[in-house]
Amino acid sequence: QVQLVESGGGLVQPGGSLRLSCTASGNIASINAVGWYRQAPGKQRELVAASTSGGITTYEDSVKGRFTISMDNVKNTVYLQMNSLKPEDTAVYYCNVDLNIRGGAYGNVYWGQGIQVTVSS
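Criteria and thresholds
Within any chain, residue numbers begin from 1 and follow the written order of that chain's sequence. Only residues with pLDDT of at least 70 are given local features in this predicted model, and only at 80 or more are side-chain atom pairs given and counted; all residues enter the totals for whole chains, interfaces and linings. The side-chain figures draw on all heavy atoms in the structure; neither hydrogens nor water molecules are used. The criterion is simple. A nonpolar core is a set of buried Ala, Val, Leu, Ile, Met, Phe, Trp, Tyr and Cys residues joined through side-chain atoms within 4.5 Å. Categorising residues by exposure relies on relative accessible area from a 1.4 Å probe, with only protein chains included: less than 20% of the type maximum marks a residue as buried, more than 50% marks it as exposed, and the intermediate range marks it as partly exposed. Only DSSP runs of H or I with at least four residues qualify as helices, and only runs of E with at least two residues qualify as strands; both kinds are numbered from the N terminus onward. Any two strands are treated as partners once DSSP identifies two or more bridges connecting them. Geometry is summarised by axes, namely lines fitted to C-alpha atoms with helices restricted to the contacting stretch, and by angles between N-to-C directions that run from 0 to 180 degrees.

Participant: Can you walk me through the nonpolar core in this structure?
Facilitator: Side chains of nonpolar character tend, in soluble globular proteins, to be buried together. Formed by 29 residues in total, the largest nonpolar core has its most connected members in Leu 20, Trp 36, Phe 67, Leu 80, Met 82 and Tyr 93. If you list the elements that add at least two residues to this core, you get strand 1 (2-7), strand 3 (18-26), strand 4 (28-39), strand 5 (46-52), strand 7 (67-72), strand 8 (77-82), strand 9 (91-101) and strand 11 (115-119).

This is how it looks when you write it as structure tokens:
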């Protein structure tokens, strides 16, 4: 069984920074790709940032230049560094990990439990 645990959310003033972390635990052989999504009240969940294990990244247009996704393959942890935060970044953020199970199936997708990020003065 694999679990994803997120941390690092909270309340921050506009212009501030937060770093979200998502750690995968369990019988993991390797990680193929990771992503961070967010869902604001009344809106659909959207992709914020994603990265392959090879380091190819993609970002939603509104966060380009402000957010950075990164991975620590030793710790099986994915990070989202968020700088210059704006009120419109307020949402529940979810990590998403595509990984291979040791001795098992390839390409299993797991979601974190979600963590609140609130940007407000």
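Let's pick the thread back up.
Participant: Could you clarify how one ought to interpret the pairing of strand 11 in this entry?
Facilitator: A regular strand carries its side chains on alternate faces of the sheet. By the alternation rule, side chains of strand 11 split into Ile 115, Val 117 and Val 119, which are all buried, and Gln 116 and Thr 118, of which none is buried. Here three bridges tie strand 2 (residues 10-12) to strand 11, and the two strands are oriented parallel to one another. Counted as the bridge partner of Leu 11 is Thr 118 from strand 11.

Participant: Which parts of the structure should I look at to understand the sheet that holds strand 3?
Facilitator: The antiparallel open sheet is built from four strands, whose spatial order is 1-3-8-7. The outermost strands of the open sheet, each flanked by one partner alone, are strand 1 and strand 7. Strand-to-strand twist of the sheet, defined as the mean angle between neighbouring strand axes without regard to direction, takes the value 15 degrees. In the sheet, strand 7 pairs with strand 8 via six bridges, with the strands oriented antiparallel. In the sheet register, Phe 67 faces strand 8, and the bridge partner there is Met 82.

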